[in-house]
Amino acid sequence: MKATPFVLALLLSAAALPAAAQVSVNINLPGLVQVAPPPPRFERVPGPRAGQVWVPGHWQWNGRDYAWAGGRWQRARPDYAYAPGQWVQADGGWRWREGDWRRAERRHERREERRHDRRHDRHDDRHDDRRHGGYHCPPGQAKKGNC
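Predicted model only: the values in this text are computed from it and were never measured.

Draft legend 1. Seen up close, the environment of D79. Considering the arrangement of structural elements, one finds D79 in the loop between β4 (72-75) and β5 (80-83). Classification of D79 by relative accessible area gives partly exposed; the value is 37%. Separated by 24 residues in the primary sequence, D79 and R103 place their C-alpha atoms 6.1 Å from one another.

Listed below in structure tokens is the structure:
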């Protein structure tokens, strides 16, 4: 009779050992979601509005699941283009990168750059680095008269 409580206590402690050995560490980084977002929904973009830019909808993480946030109009900024937000893989999970305004290229600037690139290609000077802020002559080449 004395052995029965002892054996019972031994069995219970043995059953608790595997549960105690399983330790789960979950480091919760702010803004990091472990579940990949669903594919974006199709959204019909309304007709254009003067002085407004369409910001497309996206999935938002609410702490338990993704919820769709529909697109909206936002006031345009002169000389800027809107780059929509996106989910990016990072640190073993997913992070939302907010949309942002980026300086828009003007057509005139792009045309000048293309013209410069064509001129540069015609000359085919491998050591000419004018596009990156100045002329570059590799070490030792100036003494040889190659630059």
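Draft legend 2. Fine view of the packing of aromatic side chains. Under the criterion given, the structure shown has six aromatic pairs. Look at Y82 and W101: their rings are 5.3 Å apart centre to centre, the planes differ by 70°, and that puts the pair in the edge-to-face class. Note that Y82 is positioned in strand β5 and W101 in strand β8 (residues 100-103), a separation of 19 residues in sequence. A single burial state applies to Y82 and to W101, both of which are buried. Through successive ring pairs, a cluster of aromatic residues spans W61, Y66, W87 and W96. Sitting over the face of the ring of Y80, R77 holds its NZ or CZ atom 4.4 Å from the ring centroid.

Draft legend 3. Region of interest: unusual backbone geometry. Phi angles above zero are rare outside glycine, and D79 is one such case at about 65°. In this structure, D91 is a non-glycine residue whose phi angle is positive, near 55°. Of note, D91 is situated in the loop between β6 (86-90) and β7 (93-97).

Draft legend 4. How the structure looks around the nonpolar core. Of all hydrophobic cores here, the largest spans five residues; its members are V33, W59, Y66, W87 and W94. Aside from chain neighbours lying at most four places away, what touches W87 is V33, P37, W59, Q60, W61, Y66, W94, R95 and W96.

What counts and how
- Residues numbered from 1 in each chain as written.
- Predicted model: local features only at pLDDT ≥ 70, side-chain atom pairs only at ≥ 80, totals over all residues.
- Heavy atoms only, no water.
- Helix = DSSP H or I, 4+ residues; strand = E, 2+ residues; numbered from the N terminus.
- Buried < 20%, exposed > 50% of the residue type's maximum accessible area, 1.4 Å probe, protein only.
- Phe/Tyr/Trp six-rings, centres within 6.5 Å; stacked < 30°, edge-to-face > 60°.
- Lys NZ or Arg CZ within 6 Å of the ring centre and 35° of its normal.
- Core = buried A, V, L, I, M, F, W, Y, C linked by side-chain atoms within 4.5 Å.
- Contact = heavy atoms within 4.5 Å.

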